[in-house]
Protein chains: 2
Amino acid sequence: MRPGGRAARVRSALLDAAATALVECGPAGFDLAELARRAGIGKTTVYRRWGTVGAVVGDLVADMAETSLPRADTGTLDGDLAANADLVRATLADPRQGRLFAALVAAATADPATADALRDFYDRRISEWQPCVADAVARGELDPGTDTAAVVRAVSAPLYYRLLTRGEPPTEDDARRAAGAAAAAARAGVFLS
Amino acid sequence: MRPGGRAARVRSALLDAAATALVECGPAGFDLAELARRAGIGKTTVYRRWGTVGAVVGDLVADMAETSLPRADTGTLDGDLAANADLVRATLADPRQGRLFAALVAAATADPATADALRDFYDRRISEWQPCVADAVARGELDPGTDTAAVVRAVSAPLYYRLLTRGEPPTEDDARRAAGAAAAAARAGVFLS
DNA sequence: TCCTTAACGGGACTGCAGTTCCTTTTCGGA
DNA sequence: TCCGAAAAGGAACTGCAGTCCCGTTAAGGA
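Model, not experiment: these values are computed from the prediction.

(A) Region of interest: the overall build of chain A. Scanning chain A from terminus to terminus reveals nine helices and zero strands. In sequence order, chain A lays out its α and β elements as α-α-α-α-α-α-α-α-α. Overall, the C-alpha framework of chain A stretches about 60 × 35 × 25 Å when taken along its three principal axes. Taken over 193 residues, chain A has a buried fraction of 50%. Residue pairs in contact within chain A that sit at least 24 positions apart in sequence constitute 65% of those at least 6 positions apart. Accessible surface computed for chain A: about 8,500 Å², of which carbon and sulfur atoms make up 51%.

As structure tokens, then:
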């Protein structure tokens, strides 16, 4: 592997093209030949380095996982979860990013390698925000037995659910409800492990 | 259109084959030629009657929407939501049905016609269970301003979220938490419209 | 039972994704 | 600056999905 120079340029050109293609056509709407055309690189190169659409999408997700999304710290559980909900909402409601995430989830249902990459991606995101809930426990807002990751996931779930099953971007009201519901459920002890 | 006889047999043979193919390969893993082969019908027929994979999947979803899934009536909000959660869990955790629903969601992200059909499907399912929450309001368990459909959706969301983002079937514990969280949030007034 | 017509099915054709083989570029160390 | 290795690119080949044309089957009314 040669990390710098042309090889790297080719990789980023292909991943850019893949993201755009995913946004425009979804995971089933394109193939490696078209990807090579869009990226302006040789078809042979794409087939040699990646070989399948799944591998390309997996590489794209791994690339996305490298950028971090720092947690909020408002001092209250409600504030932190609201911040997280609005961040997720903004991402999924953005036309480009929303379609990209929907396409990634769709691709993961068919390709195990993509599914692994996507699981790693979400594990990383969840673990970045988990401290919000852990801090709430430390402050005495929640029971020490609370499953902190489950609370963070409970915030995202309704927003993804709306995007994926209704095809509609989540609204600010959805985000408010998602954060409120997760906080209320956590306080009620639903997420005790 | 001739609803009875050979035409109907051809349609059900194709929809059966489509469901199996979706389970085995996902929405991107097959095409109409293969579908015709699996169903044992002429390739021309499939291209003439449906034309695209999206149309087939849409037809399949419309067919699924016709079968009803009656609501529970345990007499309490918690009992009804737990029954709903477990029904959804059992569906998504079943190897065949789970893969089918994941594939349907994936297909809907790429094809608007499929997305419409899937939205209709879920609208129907939600409206079948909405009375559980409406009854809880009538019994005085919840505030009359509660958005009943939102409560039902809140039960499903975490289960779908787990299946789609982690690729893992939801567990009984997930179902218990999903129902408990929705009920707790509803009681806390999060779903007032 | 017969006849009309809508729908199914077989087979040849075409375009393009995916493969193969070989040449050209360029990276990076000496 | 030069050289060997490693990766990119070009071009021809192949298999198969999608299309087209026309003959065959069967549904359903008279």
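(B) Quick peek at the protein's contact with DNA strand C. Around DNA strand C, the structure places 21 residues, and the nearest of them are A:Tyr47, B:Gly42, B:Thr44, B:Thr45 and B:Arg49. Counting only the atoms of DNA strand C within 4 Å of the protein, the fraction contributed by sugar and phosphate is 59%. Residue A:Leu32 places a main-chain N or O atom 3.2 Å away from a phosphate oxygen belonging to DNA strand C. Separating a phosphate oxygen of DNA strand C from a side-chain N or O atom of A:Arg37 is a distance of 3.0 Å.

(C) Region of the structure containing the protein's contact with DNA strand D. Residues in contact with DNA strand D amount to 22 residues; listed here are only the nearest, A:Gly42, A:Thr44, A:Thr45, A:Arg49 and B:Tyr47. A breakdown of the atoms of DNA strand D within 4 Å of the protein gives sugar and phosphate a share of 58%. At 3.2 Å from a base oxygen of DNA strand D is found a side-chain nitrogen or oxygen belonging to A:Arg48. Separating a base nitrogen of DNA strand D from a side-chain N or O atom of B:Thr44 is a distance of 3.4 Å. Secondary-structure elements contributing two or more residues to the surface near DNA strand D are helix 1 (6-25) and helix 3 (43-49) of chain A together with helix 1 (6-25), helix 2 (32-39) and helix 3 (43-49) of chain B.

Criteria and thresholds
Residues numbered from 1 in each chain as written. Chains lettered and ligands numbered in written order. Predicted model: local features only at pLDDT ≥ 70, side-chain atom pairs only at ≥ 80, totals over all residues. Heavy atoms only, no water. Helix = DSSP H or I, 4+ residues; strand = E, 2+ residues; numbered from the N terminus. Buried < 20%, exposed > 50% of the residue type's maximum accessible area, 1.4 Å probe, protein only. Contact = heavy atoms within 4.5 Å. Areas by Shrake-Rupley, 256 points an atom, 1.4 Å probe, with all protein chains shown as cover. Near = heavy atom within 4 Å. Polar contact = N/O pair within 3.5 Å; in protein donor to acceptor, adjacent residues only side chain to side chain.

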